[in-house]
Amino acid sequence: MSSTLLIATPAHSSIIGADGGITLWVSYDNVDAPGASVNDNVTQINSTAAASCTPTNNARSAQGAPDSPGSCPAAGGDTCSGRDKLLGDISNLAEYIYTSTHGTHYLRRVYVADRGRAWSTADIKWNIGGGSSAWPAGWKDVDLQLSLNSATRKCIHDVLHHELGHYFYELPDRYARSGDYYKGSLDNGATVFNVDVDEGDPNTVMASNFPHRFVDTTNARLVLSYDQPGPGTTSGEELTPDLLADGNPNNDGPDRAHHGFTTPFAQDEWSVIPGTHVDLAGVHTEGDFSSPGLGAMPAVDVRFIGVDSPFPGTVLLLDRSGSMSVQTNGVPASQYVQEAGLYLYHSSEEGDYAGTFLYNDAVEKLFDYDLYDPANQLPTASFRTASGLTNIALALEEAIDAMIAKHGEGGVNSGQIVLMSDGKQTTGDSLWEQVDRANGLGIQIHTLTFGNADATTMQQIADSSGGSATSMSELDSAAELKLNMVRKLTTLRDNSPIFTHKGIVTKTGESAGKEYFSSEFQVPPKTQNVLFYVFLERNNAANLNIELIDSDGQRWTADRYCRPEPGTTRALQRYPRTRCQSGQVDVPGCRRRQLQRQASPRRQHRDHRLRGQSGTEGTYVARLQEERSKVQAHQGSTGLPISSDKPECRGPYLRRRQTDPDHRYVRRR
């Protein structure tokens with residue numbers, strides 16, 4: 001039975017195919033024993049300290065059904081491996097989905113990531129401990145999840161079908177509950193009041209997890225009490241769908257006003273389900289709840305993702321076609337794209353898979369898709385000019401093929417493609433075939449638009465694969481363009497902005513005979529890996545030193561990592577120079593990761609890694625200082641946000657993040 005509902009926002013997440021096949025991603029974990037594997041034994045029980053099968057079994061008993069069966073193989077009794085119980089639960093769920101939709105929807109495939117991998121990105125957090133919850137319509141949004149807790153219970157497959165009623169079919173709860181959980185309105189939401197459901201609906205899985213069907217106009221029923229401001233208290237009001245059709249609006253009862261729902265409490269479920277899934281229109285006959293028979297149900301394919309399998313990474317697709325010759329401050333968009341692509345490539349970590357491909361009507365692999373190699377550099381002379389037609393479809397095809405060649409089709413789920421382009425395909429096959437192919441394999445496509453962009457196409461590419469779209473085309477300032485590019489690329493690495501300074505860097509103080517510029521900012525709790533980026537309009541940021549000073553005066557300075565700058569061309573001399581510095585602060589109490597953020601290797605830069613011996617929460621001062629004694633005014637200087645990865649600690653473990661090398665990132669689609 002659902003304990004909590006959350007409000008969803010529309011986007012794209014899990015898959016329901018054109019044939020009704022559902023693909024789900026599960027992250028398996030055990031919070032009582034962090035790091036537990038599906039291969040560890042579990043004992044299935046009826047109740048935990050946090051949740052019980054009693055409501056489910058009571059609902060089953062009322063329908064003349066036996067108590068919820070456990071999912072462990074019969075020969076082993078109530079103890080079996082987590083894998084075997086999970087397989088049994090999924091098998092039961094598959095039957096419930098098929099039966100409740102009259103054979104129209106079926107469970108095609110379930111990916112299972114072990115040991116809590118993909119914890120913050122999987123469709124289902126298969127967690128052992130606590131209650132369960134789901135976002136209404138969460139399957140449409142990559143960021144919304146279903147939490148399935150206390151999963152050792154025998155009835156967890158019943159509970160999961162209930163939660164999928166929220167997650168897939170956007171149905172509200174129909175169980176009895178008083179207090180402020182349910183809310184209603186009689187004036188289109190202008191006045192909202194608490195509603196008690198005195199008697200729930202015994203005929204739907206959305207009440208107490210059984211029976212595994214949805215109600216229609218022949219059997220939907222709720223009994224409510226509520227205290228409407230003004231008219232006063234209404235008690236024991238029986239609501240059925242026929243009241244909505246009798247022509248008397250005074251007996252319809254209140255509309256829902258909770259968890260994003262606005263339908264009448266009297267509304268049945270089959271009248272609204274086709275509005276969210278058009279393929280279910282016409283499949284249900286009023287009053288007919290017979291089973292379609294399981295003989296024709298396709299077998300569910302469960303795939304366990306190995307602990308030691310390589311993590312899919314990122315392929316950068318950089319558009320250098322003729323349409324990318326549009327200039328900002330005298331620099332063509334194709335050059336910005338190549339600079340940004342190199343930055344993102346060199347923001348990879350040891351063990352990451354990454355590749356960088358240039359394309360126009362053909363595809364050139366600057367750096368093939370493989371383990372990140374910090375020695376890969378692109379000399380200035382190798383920057384390509386904008387020329388030729390644009391074949392986005394071919395670029396996407398090459399990127400997908402490269403991932404499959406490295407990981408196999410079953411291992412590319414969670415891979416990312418970053419498409420930097422103006423979105424104007426002028427030759428080649430349909431790009432949408434490749435977008436659909438990526439989506440079907442679980443590969444996200446993020447788009448960054450440059451030049452005179454077809455923003456609509458780029459947005460659609462991102463939306464169709466669960467990715468994000470960012471427009472760079474409207475930025476007139478080259479420094480502002482670079483700032484926004486790196487901000488976006490940094491957030492793709494799963495870091496969060498903390499602080500931004502934009503303005504002229506001038507003297508704010510002096511220490512040991514040297515002038516400096518400083519700015520104060522707050523670091524949130526549980527912050528880790530603080531990264532600093534500095535971009536200057538015309539000067540070289542590699543000449544700047546950076547310090548981090550906490551409220552107690554403790555200082556962190558940085559080791560420097562420098563690379564010589566290759567020769568420049570005339571075009572690059574006109575380019576508003578941007579330089580990068582970055583730093584890192586580790587937080588004790590969480591497992592630390594070694595991150596080294598680097599700028600494009602063709603330009604001199606410094607990477608700073610700052611390690612604190614105490615937590616980083618609190619007030620800090622970031623101080624910039626020239627290597628010379630005087631701070632020179634940098635007109636139009638722009639500082640990127642100080643950003644960080646902010647994991648939540650759970651015991652000795654980090655919350656599962658994309659950049660955590662110990663936890664696989666499996667993207668929900």
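Note that the coordinates shown come from a computational prediction; the quantities given were computed from them, not determined experimentally.

(A) Representation of the pairing of strand β12 (residues 222-228) in the model. Summarising burial for β12: 6 of the 7 residues are buried, a large majority. Direction of pairing for strand β11 (residues 193-199) relative to β12: antiparallel, over a ladder of 4 bridges. Across the sheet, Val197 pairs through a bridge with Leu224, a residue of β12. In this structure, β12 lies alongside strand β13 (residues 232-239), joined through 6 bridges in antiparallel fashion.

(B) How the structure looks around the pattern of salt bridges. In this structure the tally under the stated criterion is 13 salt bridges. Salt-bridge contacts for Asp158 lead to Arg60; the nearest nitrogen and oxygen are separated by 3.1 Å. With Asp158 in helix α3 (residues 156-167) and Arg60 in helix α1 (residues 54-62), this residue pair connects regions lying 98 residues apart in the sequence. Like Asp158, the residue Arg60 is buried in the burial classification. Residue Arg437 pairs with Asp401 through a salt bridge whose shortest N-O separation is 2.5 Å. Of this pair, Arg437 sits in helix α8 (residues 431-441) while Asp401 sits in helix α7 (residues 392-407), and the two are 36 residues apart along the sequence. The partly exposed category is assigned to Asp401, whose relative accessible area is 33%. Overlapping salt bridges, with partners in common, bring together Arg109, Asp301 and Arg303 in one network.

(C) Summary view of the nonpolar core. If you look at the biggest cluster of nonpolar residues, it comprises 38 residues, and the most contacted ones within it are Leu107, Trp126 and Tyr169. Elements supplying a minimum of two residues to this core: β3 (21-28), α2 (82-100), β6 (106-113), β7 (124-126), β9 (146-148), α3 and α4 (205-208). What Trp126 contacts, discounting residues up to four positions off in sequence, is Val26, Ser27, Tyr28, Asp29, Leu86, Asp89, Trp119, Leu148, Ala151, Ile156 and Leu160.

(D) Structural detail: α2. For α2, built from 19 residues, the straight-helix expectation of 27 Å at 1.5 Å per residue is met to within 8% by its first-to-last C-alpha distance of 27 Å. Following α2 by one or two positions, His102 adopts a phi angle in the positive range, close to 55°.

(E) Representation of the state of the cysteines in the model. Overall, the coordinates contain 2 disulfides when judged by the stated rule. Between the sulfur of Cys53 and that of Cys155 lies a disulfide, 2.1 Å long from S to S. On the S-S bond that ties Cys53 to Cys155, the torsion sits near -90°, and the link is left-handed. In this pair, Cys53 is assigned in the loop between β4 (41-43) and α1 and Cys155 in the loop between β9 and α3, connecting sequence segments 102 residues apart. Between the sulfur atoms of Cys72 and its disulfide partner Cys80 the distance amounts to 2.0 Å.

(F) Layout of the sheet that holds strand β16 (residues 314-319). Strand order across the open sheet formed by 6 strands is β20-β19-β16-β21-β22-β23, with mixed pairing between neighbours. Either end of the sheet is taken by a strand with one partner, and the two such strands are β20 (363-371) and β23 (469-471). Strand after strand, the sheet turns through a mean of 10° between neighbouring axes, direction not considered.

What counts as what
- Residues numbered from 1 in each chain as written.
- Predicted model: local features only at pLDDT ≥ 70, side-chain atom pairs only at ≥ 80, totals over all residues.
- Heavy atoms only, no water.
- Buried < 20%, exposed > 50% of the residue type's maximum accessible area, 1.4 Å probe, protein only.
- Helix = DSSP H or I, 4+ residues; strand = E, 2+ residues; numbered from the N terminus.
- Pairing = 2+ DSSP bridges.
- Salt bridge = Lys/Arg side-chain N within 4 Å of Asp/Glu carboxyl O.
- Core = buried A, V, L, I, M, F, W, Y, C linked by side-chain atoms within 4.5 Å.
- Contact = heavy atoms within 4.5 Å.
- Expected span 1.5 Å × (residues − 1).
- Disulfide = S-S within 2.5 Å.
- Axes fitted to C-alpha atoms, helices over the stretch in contact; angles between N-to-C directions.

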